[in-house]
Amino acid sequence: MSELALRLARLRGQAGLSPARPSSLPALKLDTAPITPSLSSHGVAPADHALRDSLRRLAGLRDRAIGRVERGSRDVPGEEIAPGLRYLERRHSGSAVPENFDLAFARMDSAQRSHVLAFDTETTGLAGGTGTRAFMIGAAHWEEDELCVRQLYLTAMSGEAAMLRAFAGWIEPSTVLLSYNGKSYDAPLLATRYRLARMANPLPGLAHVDLLHPMRRRYRHVWENCRLATAERKLLDVLREDDLPGSEAPRAWLSYLRGGASTNLKRVAEHNRQDLLSLAGLLVTAHGWSVEQSLHAGSGTIGRSQEHAMAEREKPKRESGYAETNPKPRPADGSKVPGTGSPHEHQNMPKDKPGKR
């Protein structure tokens, strides 16, 4: 069997198809006589430089499009629960988590801790549509005070249906979904994959807390952006080290499918795990907003000015070299420090210097 036929058989096996049956057509007789290249007057075969340059350019385009395959260990963590599908579970203990989450910050009612399911996907692209698939689905839920992180990821194309079935088994009618931009991206993408697999989509009709929208309402005038990485850094003091960017996830998975090393695929799984841990931490933090608002207003609502002031208190310290709790240094000329004189001192301050908000 030729090398091309072996590659086709391997691809059909990954797709879950039966090996191709030999054709009943009679085999064609090929002329196996060696081809003798024409020789130049010096006895050397002429080189087709134009053809060689064209092949090199095409090879370069292919390498840039799909990336070079990195050779190395192909070991992947977790247990194989179906052909082409791996399952990985890890548990994390943490501080006390409330039994019920107040979801007033998301303009929703409360939710029991045991009903919350955080989920996040890693996909082959950001465009969406039928050509984009999720090759990893991560979910996290609380069991007592432990956070259980479960991950499903594909090692072959044939495992997608099993992955979708396994994820659907984690969903119950009382489940409250938790995500970051999941309403606009993760949930619609999974709906497309369930539709293409001719399976029932378990997500419609469930309560869904998308933390991106509360973060935007609260911090869009405070932070430079409201991405998950920014929220976890500002509110949870999480600074990722050696993190694989999400834009590199498709290349890492496709490289593994083509026979490459599993190094970057493991980094994708770690990136997904940290996303889920941050979702859980941000939910606990947002629950505290609702409690604080209730203490201030008594009715569960708060004015816009008070909300902005609360956001400013959580804003990081100024890059002035001094913590806000430290006294300001006295000017070299011995003059009085602004803000330490009479209550009317601010009236004499220059108009082009904004005060502390």
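Located above this text is the structure these notes cover.
About the cut-offs
Sequence order as written defines residue numbering, which begins from 1 separately in each chain. It should be noted that, the model being predicted, local features are given only for residues of pLDDT at least 70 and side-chain atom pairs only at 80 or more, the latter also being counted only at that level, while totals for whole chains, interfaces and linings use all residues. Remark: hydrogens and water are excluded; side-chain values derive from all non-hydrogen atoms of the structure. Grid spacing is 1 Å over the protein atoms alone, the probe is 1.4 Å, and a cavity is where that probe fits but cannot get out, while a pocket is an open set with protein on both sides within 12 Å along at least five of seven lines and lining residues have an atom within 4 Å of a point. Grid points are joined across faces, edges and corners, and a volume is the space filled by probe spheres set on the points. In DSSP terms, a helix is any run of H or I states spanning at least four residues, a strand is any run of E spanning at least two, and both are numbered starting from the N terminus. In this classification, the charged set is Asp, Glu, Lys and Arg, the nonpolar set is Ala, Val, Leu, Ile, Met, Phe, Trp, Tyr, Cys and Pro, and all remaining amino acids, among them Gly, are polar. We call a residue buried when its accessible area falls under 20% of the maximum for its residue type, exposed when it is over 50%, and partly exposed in between, using a 1.4 Å probe and counting protein chains only. A pair of strands is treated as paired once DSSP finds two or more bridges between them. An axis is simply a line fitted to the C-alpha atoms; with a helix, the fit covers only the stretch in contact. Between two such axes, the angle follows the N-to-C directions and lies from 0 to 180 degrees. Small angles under 35 degrees read as roughly parallel and large ones over 145 as roughly antiparallel, with 65 to 115 read as roughly perpendicular and the rest as oblique. Each crossing is labelled by how the near helix is turned from the far one, with a counterclockwise turn of less than a right angle marking it left-handed and a clockwise turn marking it right-handed. Any two residues whose heavy atoms approach within 4.5 Å are treated as being in contact. For patches, a residue must show more than 30% relative accessible area and have no salt bridge; joins then use 9 Å for like charges and 5 Å for nonpolar side chains, namely Val, Leu, Ile, Met, Phe, Trp and Tyr. Working definition of accessibility: Shrake-Rupley area with a 1.4 Å probe, residue cover restricted to the visible protein chains. Salt bridge, as applied in this entry: a Lys or Arg side-chain nitrogen positioned within 4 Å of an Asp or Glu carboxyl oxygen.

## Overview of empty space enclosed by the protein
So, point 1. According to the stated counting rule, one finds one cavity of 30 Å³ or more in the structure shown.
So, point 2. Of the voids in this model, the largest cavity is the one considered here, and its volume is about 30 Å³.
So, point 3. Around the largest cavity sit Phe101, Leu103, Ala111, Val116, Val176, Leu177, Leu178, Val209 and Leu283, which together line it.
So, point 4. The element that contributes the greatest number of residues to the lining of the largest cavity is strand β8 (residues 176–179), accounting for three residues.
So, point 5. Grouping the amino acids of the lining of the largest cavity by side-chain chemistry returns nine nonpolar, no polar and no charged.

## Here's the deal with helix α6 (residues 228–236)
So, point 1. Along α6, the residues classified as buried are Leu228, Thr230, Ala231, Glu232 and Leu235.
So, point 2. Two residues or fewer after α6 comes Asp237, characterised by a positive phi angle close to 60°.

## With respect to the pairing of strand β7 (residues 146–154)
So, point 1. Counting buried positions over the nine residues of β7 gives eight, a clear majority of the element.
So, point 2. The pairing of strand β2 (residues 85–93) with β7 spans nine bridges and is classified as antiparallel. The partner of Tyr87 across the bridge, within β7, is Leu152.
So, point 3. Pairing of strand β6 (residues 134–143) with β7 involves eight bridges; the strand directions are antiparallel. Its bridge partner being in β7, Met136 is matched across the sheet by Tyr153.
So, point 4. Counting the residues between successive antiparallel strands, the hairpin from β6 to β7 contains two residues, one of them, Glu144, with a positive phi of roughly 60°.

## Re the packing of helix α3 (residues 160–169) against helix α4 (residues 182–196)
So, point 1. Axis separation between α3 and α4 bottoms out at 11 Å; the angle between their running directions is 120°. Here α3 lies oblique to α4, going by the angle between them. Crossing of α3 against α4: the hand is left-handed. On α4, the residues touching Glu160, Leu164, Phe167 and Ala168 of α3 are Leu190, Arg193 and Tyr194.
So, point 2. Classifying every residue of the contact of α3 with α4 gives five nonpolar, no polar and two charged.

## Focus on a nonpolar patch on the surface
So, point 1. Taken together, the side chains of Leu4, Leu8 and Leu11 make up a nonpolar region of the molecular surface, amounting to roughly 310 Å² of accessible area.
So, point 2. Structurally, the position occupied by Leu8 is in helix α1 (residues 3–14).

## Some words on the sheet that holds β2
So, point 1. Strand order across the open sheet formed by seven strands is β1-β2-β7-β6-β5-β8-β9, with mixed pairing between neighbours. The two strands at the open ends of the sheet, each matched to only one other strand, are β1 (79–82) and β9 (207–210). Shown here is a sheet whose adjacent strand axes are inclined to one another by a mean of 30°, direction ignored.
So, point 2. Bridge count for β1 against β2 is three bridges, and the pairing is antiparallel. Within β2, the position partnered with Glu80 by the bridge is Arg86.
So, point 3. Against the sheet, α4 makes contact with β5 (116–123), β6, β8 and β9, and its axis sits at roughly 75° relative to β5, the strand it touches most.

## Re unusual backbone geometry
So, point 1. Even without a glycine there, the phi angle at Arg198 is positive, about 55°.
So, point 2. With respect to the secondary-structure elements, Arg198 resides in the loop between α4 and β9.
So, point 3. Unusually for a residue other than glycine, Asp237 sits at a positive phi of about 60°.
So, point 4. By the element assignment, Asp237 lies in the loop between α6 and α7 (249–257).

It is worth stressing that arrangement in space is one thing and function is another; only the former is reported here.
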